[in-house]
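Structural description and commentary
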Amino acid sequence: MENLTITGGVFHNHNYVGSTMSNLLSWADDALAAKSITITGGQFSSLDPMTYMDSDNERLTLGEDVVLDEQFTFPYGGKAVLDLNGHSISLEKEQTSGYQLLLNDGDLTIADGVGTGRISYTDLGVGGEYVSNTITNRGTLTIKGGTIENLSSEALANVGYPYVIDTSIWGEAEEVVVNIEGGIIDAKYYSPLRVRADSQTENVVANISGGEIRGRIDHQMSSSKAGVKGTLNITGGKFVPQGIKSPTLFKCSEQDWKQMQVVLS
């Protein structure tokens, strides 16, 4: 088979933890296996089909809750919409070093056609000098719906860094962008969003035009480099201070404030 296109249907994996596309589609003979798979519709019980998506019209709709046993990576060059469809994606891990539920290197949009969908991460460890992120974004991430939350404990937040959405330039993308247009970004005890600029050539941009941001936003510029690129644009949204970083809305040093472009309108 040269090409396989999936435009609809419901695909179950019987709640098999760690399931991949090969568990959802099996071939009687390796010679029959498709050389390329294009998915533009359907409801799935695994995130793995998103690794086959790279165009504007490709959308993965969850058909049931997904419990991960390790992080999911959306690759560089991929482009997809993930519709939570009222379902949840969750991961619990006892960390001893930096980790995240979702590592985004591509162009990923998260939506929720039902309104009760959520992405939840919990670091069960004791914390330390490392991140415990729900999402680490090194590409383009757009939030249109759903609740994205970090459920790590207050004790961990006092000694570690459990961000909900954390930006990083250490991927292949030439620019790192976070667009928050809807949904709820909920940091129980730490920060819902970190805008971290570390490069003089690779820009980090956060655009907030809607949604509800619960907790304090951290925006940081590299202290070892002059002229690093970082922009925070706020044109809408609701902001609710909470957690150990309450009651302030932003955390930023005077040096960072001079370098970071912040636009409120």
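Our structure's up above, just so we're on the same page.
Attention in this report is confined to the structure presented alongside it. (Residues numbered from 1 in each chain as written. Predicted model: local features only at pLDDT ≥ 70, side-chain atom pairs only at ≥ 80, totals over all residues. Heavy atoms only, no water.)

Bringing the pairing of strand S14 (residues 140–143) into the picture now. Note: strand S11 (residues 107–111) against S14, four bridges, orientation parallel. The residue of S14 that forms the bridge with Thr109 is Thr142. (Pairing = 2+ DSSP bridges. Helix = DSSP H or I, 4+ residues; strand = E, 2+ residues; numbered from the N terminus.)

A word on the environment of Val114. Note on placement: Val114 falls in the loop between S11 and strand S12 (118–123). C-alpha of Val114 to C-alpha of Gly86: the two residues are 28 residues apart in sequence and 4.8 Å apart in space. Not counting chain neighbours up to four residues away, the residues in contact with Val114 comprise Asn85 and Gly86. (Contact = heavy atoms within 4.5 Å.)

On to the nonpolar core, then. Counting 46 residues, the largest nonpolar core has Leu47, Met50, Leu82, Ile89, Ile110, Ile165 and Leu193 as the members making the most contacts within it. Leaving out residues up to four positions away in the same chain, Leu47 has contacts with Leu60, Leu62, Val66, Leu68, Phe72, Leu82 and Ile89. (Core = buried A, V, L, I, M, F, W, Y, C linked by side-chain atoms within 4.5 Å. Buried < 20%, exposed > 50% of the residue type's maximum accessible area, 1.4 Å probe, protein only.)

This part covers the side chain of Ser132. When you line up the elements, Ser132 lands in strand S13 (residues 132–137). One polar contact links Ser132 to Asp123, side chain to side chain, over a distance of 2.6 Å. Discounting residues that sit within four places of it in the chain, Ser132 has contacts with Gln95, Tyr99, Tyr121, Asp123, Asn150, Leu156, Tyr161, Pro162 and Tyr163. (Polar contact = N/O pair within 3.5 Å; in protein donor to acceptor, adjacent residues only side chain to side chain.)

Right, let's get into the pattern of salt bridges. Counted according to the given criterion, the structure contains 10 salt bridges. Across the pair Asp105 and Arg138 runs a salt bridge whose closest N-O atoms are separated by 2.7 Å. Of the two residues, Asp105 is situated in the loop between strand S10 (99–104) and S11 and Arg138 in the loop between S13 and S14; the sequence distance between them amounts to 33 residues. Here the two residues Asp105 and Arg138 agree in accessibility, since each one is buried. Between Arg194 and Asp166 there is a salt bridge, and its shortest N-O distance comes to 2.7 Å. (Salt bridge = Lys/Arg side-chain N within 4 Å of Asp/Glu carboxyl O.)

At Asn85, a residue that is not glycine, the phi angle is positive and equals roughly 55°. Looking at the secondary structure, you find Asn85 in the loop between strand S8 (79–83) and strand S9 (88–93).

Time to look at the packing of aromatic side chains. In the structure shown here, the tally under the stated rule is two aromatic pairs. On the basis of an interplanar angle of 70° and a centroid distance of 6.1 Å, the ring pair of Tyr161 and Tyr190 is categorised as edge-to-face. Within this pair, whereas Tyr161 is found in the loop between helix H2 (154–159) and strand S16 (165–167), its partner Tyr190 is found in the loop between strand S18 (184–187) and strand S19 (193–197), the two being separated by 29 residues in sequence. Tyr161 sits in the partly exposed class, given a relative accessible area of 25%. Taken together, a centroid distance of 5.1 Å and an interplanar angle of 70° make the contact between Tyr163 and Tyr190 edge-to-face. Of the two residues, Tyr163 is situated in the loop between H2 and S16 and Tyr190 in the loop between S18 and S19; the sequence distance between them amounts to 27 residues. Here the two residues Tyr163 and Tyr190 agree in accessibility, since each one is buried. Among the aromatic side chains, those forming a connected cluster through ring pairs are Tyr161, Tyr163 and Tyr190. (Phe/Tyr/Trp six-rings, centres within 6.5 Å; stacked < 30°, edge-to-face > 60°.)

In this section: the environment of Ser152. Structurally, Ser152 can be placed in the loop between strand S15 (147–150) and H2. Taking C-alpha positions, Ser152 is 9.6 Å from Val126, a pair spaced 26 residues apart along the chain. Residues within four places of Ser152 in sequence aside, it is in contact with Tyr121, Thr122, Asp123, Pro162 and Tyr189. In terms of polar contacts, Ser152 uses its side chain to reach the backbone amide nitrogen of Asp123, at 3.0 Å. A distance of 2.8 Å separates the side chain of Ser152 from the side chain of Asn150, its partner in a polar contact.

Here we take up the sheet that holds strand S24 (residues 238–240). Spatially, the seven strands line up as an open sheet ordered S6-S9-S12-S15-S18-S21-S24, and their pairing is parallel. The two strands at the open ends of the sheet, each matched to only one other strand, are strand S6 (66–67) and S24.

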